[in-house]
Amino acid sequence: MDFPTIADRDLIALAALCYGLGFLHGTISLVRRRRHSRWLMFAAMCTGFALQTWGLLLRGMETKGCPLGNTFELVQFTVWSCILVYLVVGPTFRLSLLGFFTGGLAAALSIISMIAPGWDSDVRTRIFGENPWIEFHAALALFSYGVFGLLALTSVMYLLQDHYLKQKRRPAMFGY
């Protein structure tokens with residue numbers, strides 16, 4: 001029995017769709033001034049993360065290394081690391097607003113990298129040669145960009161909260 005194969009780019013597009021659905025759910029909850037379902041947001045992020053991991057795994061198996069060969073793969077690896085950090089940190093501290101912002105960032109970066117012409121080349125080579133330590137170093141550096149992106153989102157959330165506290169207003173988004 002043959003199973004249908006799915007392309008790595010299609011899996012990454014489905015992951016972007018999941019991230020976008022999580023962000024859309026949070027946006028609708030904000031507009032309606034209701035609390036959003038944390039489990040629904042977490043499920044959308046986990047599903048998107050699993051699909052993106054599968055897509056990046058297929059790309060890595062094709063090159064027999066970490067998929068860091070073009071701009072599309074660099075952006076997707078950074079988004080993947082940002083989501084990974086959110087999935088570890090977010091539920092631990094019950095930061096559902098961080099999930100809303102992270103879903104928006106992941107969806108936006110994924111969509112931009114999907115539609116940008118020339119970012120995804122068909123050439124699949126190991127750009128770091130046969131040295132796994134250099135590849136590990138590059139992957140760790142990109143992972144730190146994902147962590148930096150999540151910290152930037154946290155800073156934006158803090159600035160928004162500080163702004164509204166100084167104005168003695170409490171917008172609906174802080175009721176999460």
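The preceding data block contains the structure.
**Q** An account of helix H5 (residues 132-166) is requested, with residue identities and associated values reported.
**A** When the terminal C-alpha atoms of H5 are compared, their 51 Å separation across 35 residues agrees well with the 51 Å that a helix rising 1.5 Å per residue should span. Every buried residue belonging to H5 is among Glu135, Ala138, Ala139, Leu142, Gly146, Gly149, Leu150, Leu153, Met157 and Tyr164, and all of these are buried. After H5 finishes, the residue Lys168 shows a positive phi value of roughly 55°.

**Q** So what about the environment of Gly55? Which residues, and what values?
**A** By the secondary structure assignment, Gly55 is in helix H2 (residues 38-63). For the pair Gly55 and Ala13, spaced 42 residues apart in the sequence, the C-alpha separation amounts to 9.1 Å.

**Q** Residues and numbers for the nonpolar core, please.
**A** By size, the foremost hydrophobic cluster in this structure holds 35 residues, and its most contacted members are Tyr19, Met45, Ile83, Tyr86 and Leu150. Mapped onto this core, the elements with two or more residues apiece are helix H1 (8-31), H2, helix H3 (71-93), helix H4 (96-115) and H5. The element best represented in this core is H3, accounting for ten residues.

**Q** Explain a nonpolar patch on the surface to me, and be specific about the residues and the numbers.
**A** Together, Ile6, Leu14, Leu17, Leu21, Leu24, Ile28, Trp54, Leu57 and Met61 make up an exposed nonpolar region whose accessible area comes to about 840 Å². Looking at the nonpolar patch, the elements with two or more residues in it are H1 and H2. Examining the composition of the nonpolar patch, we find that five residues originate from one element, H1, more than from any other. With respect to the helices and strands, Leu24 occurs in helix H1. The class of Leu24 is partly exposed, set by a relative accessible area of 45%.

**Q** Outline the packing of aromatic side chains, listing residues and values.
**A** In total, this model carries five aromatic pairs according to the counting rule given. Here Phe23 and Phe100 contribute two aromatic rings whose centre-to-centre distance is 4.8 Å and whose plane-to-plane angle is 15°, an arrangement assigned as stacked. Taken together, the positions of Phe23 in helix H1 and Phe100 in helix H4 put the pair 77 residues apart, joining distant regions of the chain. Consider the rings of Phe49 and Trp80, whose centres lie 5.5 Å apart with planes at 15°: the pair is stacked.

**Q** Describe the side chain of Gln76, and please don't skip the residues or the numbers.
**A** Its location among the elements puts Gln76 in helix H3. Residues within four places of Gln76 in sequence aside, it is in contact with Ile12, Gln52, Leu56, Ser110 and Ser113.

**Q** Can you explain the pattern of salt bridges? Please cite residues and give values.
**A** Inspection of every chain in the model, using the stated rule, returns three salt bridges. Taking the shortest distance from any N to any O, the salt bridge between Glu73 and Arg59 comes out at 2.8 Å. Note that Glu73 is positioned in helix H3 and Arg59 in helix H2, a separation of 14 residues in sequence. Under the relative-accessibility criterion, Glu73 is labelled buried at 2%. Classification of Arg59 by relative accessible area gives buried; the value is 1%. Here the salt bridges share partners, and the residues they tie into one network are Asp8, Arg59 and Glu73.

**Q** Tell me what's going on with the environment of Phe148, and back it up with residues and numbers.
**A** Mapped onto the fold, Phe148 is located in helix H5. For Phe148, a relative accessible area of 56% puts it in the exposed group. The sequence separation of Phe148 and Thr78 amounts to 70 residues, and the corresponding C-alpha distance is 9.7 Å.

Thresholds applied
- Residues numbered from 1 in each chain as written.
- Predicted model: local features only at pLDDT ≥ 70, side-chain atom pairs only at ≥ 80, totals over all residues.
- Heavy atoms only, no water.
- Helix = DSSP H or I, 4+ residues; strand = E, 2+ residues; numbered from the N terminus.
- Expected span 1.5 Å × (residues − 1).
- Buried < 20%, exposed > 50% of the residue type's maximum accessible area, 1.4 Å probe, protein only.
- Core = buried A, V, L, I, M, F, W, Y, C linked by side-chain atoms within 4.5 Å.
- Patch = residues over 30% accessible without salt bridge, like charges linked within 9 Å, V, L, I, M, F, W, Y side chains within 5 Å.
- Areas by Shrake-Rupley, 256 points an atom, 1.4 Å probe, with all protein chains shown as cover.
- Salt bridge = Lys/Arg side-chain N within 4 Å of Asp/Glu carboxyl O.
- Phe/Tyr/Trp six-rings, centres within 6.5 Å; stacked < 30°, edge-to-face > 60°.
- Contact = heavy atoms within 4.5 Å.

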